[in-house]
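# Inside the fold
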Amino acid sequence: MVIKASCHCKATTFEVSQAPQTVTQCTCSFCSKRGSLWAYYTPSQFKLTSPLENVSFYRWGSKTVKHGFCATCGCGTFTETPDWSTGKPDFDNPKISVNSRLFDDFDLDKVEVVVIDGKNLW
C-alpha cells in the first residue's frame, strides 16, 4: 500500500511503501517546535517524487541528522538519519523518518503514537 505525502504548497512530495504501525512524537527542542509525528522507513521504502531542489536541509548539534523541509512553504518533510536503536549512530543502517502529518488521504488518528523523551535523552 503506497502512501503519498505532500507539503502545504505541494512543491515537495514523497511516498512510502507502507502504512506505519506506529508514529513517534519526540520531545526534543527541534521536534517539539516542528510538531512532527515521525514514521520510520528504510531508504528503499521511501521515494522523493518531487525534484530534490525543492527540498532544503537543516543540520544542528552534531550535524548527524539531515532534516528536510520544503524550500517554498517551509513544512518539515523528512529526515535522513543513521539508526539510533542501540543509542549510538549506525551509519551502515540509515533510516528515513517522514513527517506522517503530511500523508495524503490517510487516517493518522488510527495509528498509535509513541512518545520518546528526546528532551532528556539528547
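Residues numbered from 1 in each chain as written. Predicted model: local features only at pLDDT ≥ 70, side-chain atom pairs only at ≥ 80, totals over all residues. Heavy atoms only, no water.

Taking an unreviewed UniProt entry as the reference, the protein chain is identified by name as Aldehyde-activating protein belonging to Mesorhizobium sanjuanii.

## What about the overall build of the protein chain?
When you go through the protein chain residue by residue, the secondary structure sums to 2 helices and 10 strands. Starting at the N terminus and ending at the C terminus, the protein chain contains elements arranged as β-β-β-α-β-β-β-β-β-β-β-α. Computed over its C-alpha atoms, the radius of gyration of the protein chain comes to 14 Å, within 12% of the 14 Å expected for a compact globule of 122 residues. With the C-alpha coordinates of the protein chain rotated into their principal frame, the extents come out at 35 × 30 × 30 Å. A separation of at least 24 residues holds for 55% of the contacts in the protein chain among residues at least 6 apart in sequence. Of the roughly 7200 Å² that the protein chain leaves accessible, carbon and sulfur atoms contribute 52%. A distance of 6 Å separates the average location of the 13 positive side-chain charges in the protein chain from that of its 12 negative side-chain charges. (Helix = DSSP H or I, 4+ residues; strand = E, 2+ residues; numbered from the N terminus. Rg over C-alpha atoms; globule rule 2.2 N^0.38 Å. Contact = heavy atoms within 4.5 Å. Areas by Shrake-Rupley, 256 points an atom, 1.4 Å probe, with all protein chains shown as cover. Lys, Arg positive; Asp, Glu negative; His and termini not counted. Charge placed at Lys NZ, Arg CZ, Asp CG, Glu CD.)

## Side note on the pairing of strand β8 (residues 76-83)
In regular strands, side chains alternate between the two faces of the sheet. Among the 8 residues that make up β8, 7 are buried, leaving the element largely enclosed by the rest of the structure. In this structure, strand β7 (residues 66-70) lies alongside β8, joined through 3 bridges in antiparallel fashion. Across the sheet, residue His-67 finds its bridge partner in β8, namely Thr-79. In textbook terms, the turn of a hairpin is the stretch between consecutive antiparallel strands, and for β7 and β8 this stretch comprises 5 residues, one of which, Gly-74, has a positive phi near 85 degrees. Where β8 meets strand β9 (residues 90-99), 6 bridges bridge the pair, whose relative direction is antiparallel. Residue pairing in the sheet places Thr-79 in a bridge with Ser-97 of β9. Here β8 hands over to β9 after 6 residues, with Gly-87 in that stretch at a positive phi of 95 degrees. (Buried < 20%, exposed > 50% of the residue type's maximum accessible area, 1.4 Å probe, protein only. Pairing = 2+ DSSP bridges.)

## Describing the pattern of salt bridges
The final tally for this structure, using the stated rule, is 2 salt bridges. For Lys-66, the salt bridge identified is with Glu-80, shortest N-O distance 3.8 Å. Here Lys-66, found in strand β7, pairs with Glu-80, found in strand β8; they are 14 residues apart in sequence, far enough to count as distant. A residue is classified by how much of its surface remains accessible, and Lys-66, at 22% relative accessible area, is partly exposed. Among the ionic pairs, Asp-107 bridges to Lys-110, the shortest N-O distance being 3.9 Å. Owing to a relative accessible area of 71%, Lys-110 belongs among the exposed residues under this scheme. (Salt bridge = Lys/Arg side-chain N within 4 Å of Asp/Glu carboxyl O.)

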